[in-house]
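Inside the fold
Spelled out, the chains give:
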Amino acid sequence: MAKIHFDPQLLPVEGYAGEPPLASERLVPSWVRQRFAAPPPQWQAEQVDESWLLQFPRLKRAAVLVPLVARDGALHVLLTQRTDNLTNHAGQISFPGGRSEEFDSSPIETALRETEEEISLARRHIDIVGVLPEHVTGTGYRVTPVVGIVAPPFELAADPNEVAEIFEVPLAFLMDGMNHQRLSYELPEGKGRRHFYAMPFERYFIWGATAAMLRNLFHFLRA
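This section reports on the structure supplied with the text. As the structure is a prediction and not an experimental result, all values here were calculated from the model. (Residues numbered from 1 in each chain as written. Predicted model: local features only at pLDDT ≥ 70, side-chain atom pairs only at ≥ 80, totals over all residues. Heavy atoms only, no water.)

If you walk across this open sheet you meet the 4 strands as β1-β10-β11-β12, and the pairing is antiparallel. Strands with a single pairing partner mark the edges of an open sheet, and in this sheet they are β1 (15-16) and β12 (204-207). In this sheet, strand β10 (residues 181-186) lies alongside β1 in antiparallel orientation, the contact comprising 2 bridges. Bridged to Tyr16 within β10 is Gln181. Packed on one face of the sheet, helix α4 (residues 208-222) meets β11 (193-201) and β12 and runs near 80° to β11. (Pairing = 2+ DSSP bridges. Helix = DSSP H or I, 4+ residues; strand = E, 2+ residues; numbered from the N terminus. Contact = heavy atoms within 4.5 Å. Axes fitted to C-alpha atoms, helices over the stretch in contact; angles between N-to-C directions.)

Structural data, given as structure tokens:
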């Protein structure tokens, strides 16, 4: 897929998802663990138009960690800002993670390995609670989001070749449909229009694949 050069922060907000925020009792480690241990049978991931995926003859496997940090009686989502020199998703807000290697035994192993490589978060601090539905990116990756509860204290160190910054966002902010903006842009060569979500927080613009995976976490926890 050809790269699309635009600043998503300059696009007009077309609306908000608008669902009410999650109840506070669902935003604690014990409840999140319970939900993943016994998922609701009726929950559904958000449907997206997949017709544009026909351009990819083969999707590459990848996995990311969705790190939920238990801090001060609440959960926070740990995120990274990618460096500007990367080939894919340069400068964007992302979960730690990356492409699966042949020696990875599972998407969980990919997520843990890549997280340790990118931000030096040791796996002994991470309690994996489950996975969310795969998400396909516009760069041809099929990404498995692996959700883990992270227990402080821990030390982080960003790989300067990949990560420009590491920060946290309160899970309560991200699990509120009024903070989920709807935006869209026109694909080149008349290929139609792509719709996506954005969740701006302070000076960070969370959008695209990261926001889409957070939307599915939202649907999963609210079902």
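Turning our attention to the pattern of salt bridges. Taken as a whole and assessed by the stated rule, the structure comprises 13 salt bridges. Two residues, Glu109 and Arg123, come together in a salt bridge whose shortest N-O distance is 3.0 Å. Taken together, the residues Glu109 in helix α2 (residues 107-119) and Arg123 in the loop between α2 and β6 (126-131) connect sequence positions 14 residues apart. Overall, the relative accessible area of 23% leaves Glu109 in the partly exposed class. Overall, the relative accessible area of 34% leaves Arg123 in the partly exposed class. (Salt bridge = Lys/Arg side-chain N within 4 Å of Asp/Glu carboxyl O. Buried < 20%, exposed > 50% of the residue type's maximum accessible area, 1.4 Å probe, protein only.)

It is characteristic of soluble globular proteins that their nonpolar side chains tend to be buried jointly. Counting residues in hydrophobic clusters, the biggest one holds 39 residues, and the most contacted among them are Leu68, Met175, Ile206 and Leu217. Counting residues per element, this core draws most heavily on α4, at 7 residues. Those residues in contact with Leu217 that sit more than four places away from it in its chain are Phe36, Val66, Leu132, Leu171 and Met175. (Core = buried A, V, L, I, M, F, W, Y, C linked by side-chain atoms within 4.5 Å.)

Let us look at a nonpolar patch on the surface. A cluster of nonpolar side chains, Val13, Tyr16 and Met178, forms an exposed patch at the surface whose accessible area comes to about 280 Å². Within the secondary structure, Val13 is located in the segment before β1. Exposure remark for Val13: the relative accessible area of 38% places this residue in the partly exposed category. (Patch = residues over 30% accessible without salt bridge, like charges linked within 9 Å, V, L, I, M, F, W, Y side chains within 5 Å. Areas by Shrake-Rupley, 256 points an atom, 1.4 Å probe, with all protein chains shown as cover.)

Over its 13 residues, α2 extends 18 Å from the first C-alpha to the last, a length consistent with the 18 Å expected when each residue adds 1.5 Å. Among all positions in α2, only Thr110, Ala111, Leu112, Arg113, Glu114, Thr115, Glu118 and Ile119 are buried. Contact partners of the buried residues in α2: β2 (60-71), β3 (74-82), β5 (97-99), β6, β8 (141-150) and β9 (163-170). Backbone geometry just after α2 places Ser120 at a positive phi near 60°. (Expected span 1.5 Å × (residues − 1).)

Take the pairing of β11 next. Where β10 and β11 come together, 6 bridges link them in antiparallel fashion. Bridge pairing in β11 links Tyr185 to Arg194. In this sheet, β12 lies alongside β11 in antiparallel orientation, the contact comprising 4 bridges. Pairing of Ala198 across the sheet is with Trp207, part of β12. Hairpin connection from β11 to β12: 2 residues lie between these consecutive antiparallel strands, with Glu202 at a positive phi of about 50°.

To characterise two packed helices, one gives the angle between the axes of the helices and the distance between these axes. Running from N to C, helix α1 (residues 29-37) and α4 point in directions that differ by 85°, and their axes come no closer than 10 Å. Compared by their axis directions, α1 and α4 come out roughly perpendicular. Taking contact as the criterion, the partners of Trp31, Val32, Arg35 and Phe36 in α1 are, on α4, Leu217, Phe220, Leu221 and Arg222. Of the residues belonging to the contact of α1 with α4, the class tally is 6 nonpolar, no polar and 2 charged. (Parallel < 35°, antiparallel > 145°, perpendicular 65-115°, else oblique. Nonpolar A, V, L, I, M, F, W, Y, C, P; charged D, E, K, R; others polar.)

The values are spatial; any link to function lies outside them.
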